[in-house]
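# Notes for the structure review
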Amino acid sequence: MNPQLFLAFIGVAVALACTPGVDWAYSIAAGLKDRSFVPAVAGLCGGYVVHTALLAAGLAAVITGMPGLLGWLTVAGAGYLLWLGVSTVRSWRGASFGGQAATAPAQANQFRVFLQGMGTSGINPKGLLFFVALVPQFVSTDAALSVPLQSGLLGLTFVLLVAVVYSCVALLARKLLHTRPGAARRVTLASGIIMVALGLVLLGEQLVPLAAQTIWQ
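Here goes a summary of the coordinates provided. Worth saying up front: this structure is predicted, and the values here are computed from it rather than measured.

## Brief notes about the packing of aromatic side chains
In total, this model carries five aromatic pairs according to the counting rule given. Look at Phe-111 and Phe-114: their rings are 6.4 Å apart centre to centre, the planes differ by 20°, and that puts the pair in the stacked class. Residue Phe-111 and its partner Phe-114 are both found in helix H6 (residues 104–122); the two are separated by three residues, about one turn of the helix. On the accessibility criterion, Phe-111 (52% relative accessible area) is exposed.

## Some words on helix H3 (residues 38–57)
With 20 residues, H3 extends 28 Å from end C-alpha to end C-alpha; this agrees with the ideal 28 Å at 1.5 Å per step. For H3, the set of buried residues is Pro-39, Ala-40, Val-41, Gly-43, Leu-44, Cys-45, Gly-46, Gly-47, Tyr-48, His-51, Thr-52 and Leu-55. The positive-phi residue at the C-terminal boundary of H3 is Gly-58, with phi of around 80°.

## Overview of the nonpolar core
If you look at the biggest cluster of nonpolar residues, it comprises 37 residues, and the most contacted ones within it are Phe-9, Tyr-26, Tyr-48, Phe-131, Phe-158, Val-162 and Tyr-166. Broken down by secondary-structure element, the contributors of at least two residues to this core are helix H1 (3–17), helix H2 (22–31), H3, helix H5 (67–90), helix H7 (125–134) and helix H8 (147–177). Not counting residues up to four positions away in its chain, the partners in contact with Tyr-166 are Ala-17, Asp-23, Trp-24, Ser-27, Val-41, Leu-44 and Tyr-48.

## Quick look at H1
Helix length check: H1, at 15 residues, gives a terminal C-alpha distance of 21 Å against a target of 21 Å (1.5 Å per residue), a fit within 8%. Along H1, the residues classified as buried are Phe-9, Ala-13 and Ala-17. Buried positions in H1, seen along its axis, are confined to an arc of 60° and lie on one side of it. Set apart from the buried face of H1 by more than 90 degrees, the exposed residues are Gln-4 and Leu-7.

## Focus on the environment of Asn-124
Following the sequence through the fold, Asn-124 ends up in the loop between H6 and H7. Taking relative accessible area as the criterion, Asn-124 reaches 14% and is therefore assigned buried.

## Things to note about the environment of Ala-78
Looking at the element boundaries, Ala-78 is found in helix H5. Residue classification places Ala-78 among the buried positions, given a relative accessible area of 0%. Residues Ala-78 and Leu-198, 120 residues apart in the sequence, show an inter-C-alpha distance of 7.5 Å.

Reading guide: rules and limits
- Residue positions within a chain follow its written sequence, with the count starting from 1.
- Restriction of local features to residues with pLDDT of at least 70 applies here, the model being predicted, together with a cutoff of 80 or more for giving and counting side-chain atom pairs; totals for whole chains, interfaces and linings are based on all residues.
- Neither water nor hydrogens contribute to the side-chain values; these are computed over all heavy atoms in the structure.
- Here the aromatic set is Phe, Tyr and Trp, taking the six-membered ring for Trp, and pairing holds for ring centres within 6.5 Å; pairs whose planes are under 30 degrees apart are stacked, those over 60 apart are edge-to-face, and all others are tilted.
- Here a helix means four or more residues in a row that DSSP labels H or I, a strand means two or more in a row labelled E, and each is numbered from the N terminus.
- Each residue is assigned to one of three classes by its accessible area relative to the maximum for its type, calculated with a 1.4 Å probe on protein chains only: buried under 20%, partly exposed between the two thresholds, exposed over 50%.
- One less than the residue count of a helix, multiplied by 1.5 Å, gives the span that helix is expected to have.
- We call a set of buried residues a nonpolar core when its members are Ala, Val, Leu, Ile, Met, Phe, Trp, Tyr or Cys and they connect through side-chain atoms within 4.5 Å of each other.
- Two residues qualify as a contact provided that any one of their heavy atoms is within 4.5 Å of a heavy atom in the partner residue.
- Read the arc as the range of directions from the helix axis to the C-beta atoms.

Written out as structure tokens, the structure reads:
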């Protein structure tokens, strides 16, 4: 792999990971919970591992080349973000730090948090398009490693970077707002609203063109 291209990719990946979005909103919401935020961050990373596997297998380009399938994925991702955002908004009044001991049901909830995080990044077609549009630009056809292997290494590098960034985001949210339950509730509410807004944007990107096409027919 070309060292210069790899360093350039790291710079771009760090910049993108540090850009606030739905992943940040989910990380912050997880950081404001009583439970550990690790399952949430692991779930977000798991979604990007799925994207990496699709990219390395060449399936990502196939999916993006099928507008109908990508459109349905966008609708599914938008619906999921709307559901997750509404759930977060509904729980904002209870955002606090009680330091309760872990129980069996709480551990089961941790697995659900992991799956929600995986769905947040994995179902989002924006993530798929990111891998298809950006990662190939940093793959060298003259390198000793094959293109699928380079793609996989770049994707896993991004996963590692977002794991560090999102963990820091969740940890800072917990540390800064631990003694401020009022602020914790407001940030949780804002995180939910961001998820709902992004879900509506994704949904609008599909419904508006479809409505326009129906009118002109």
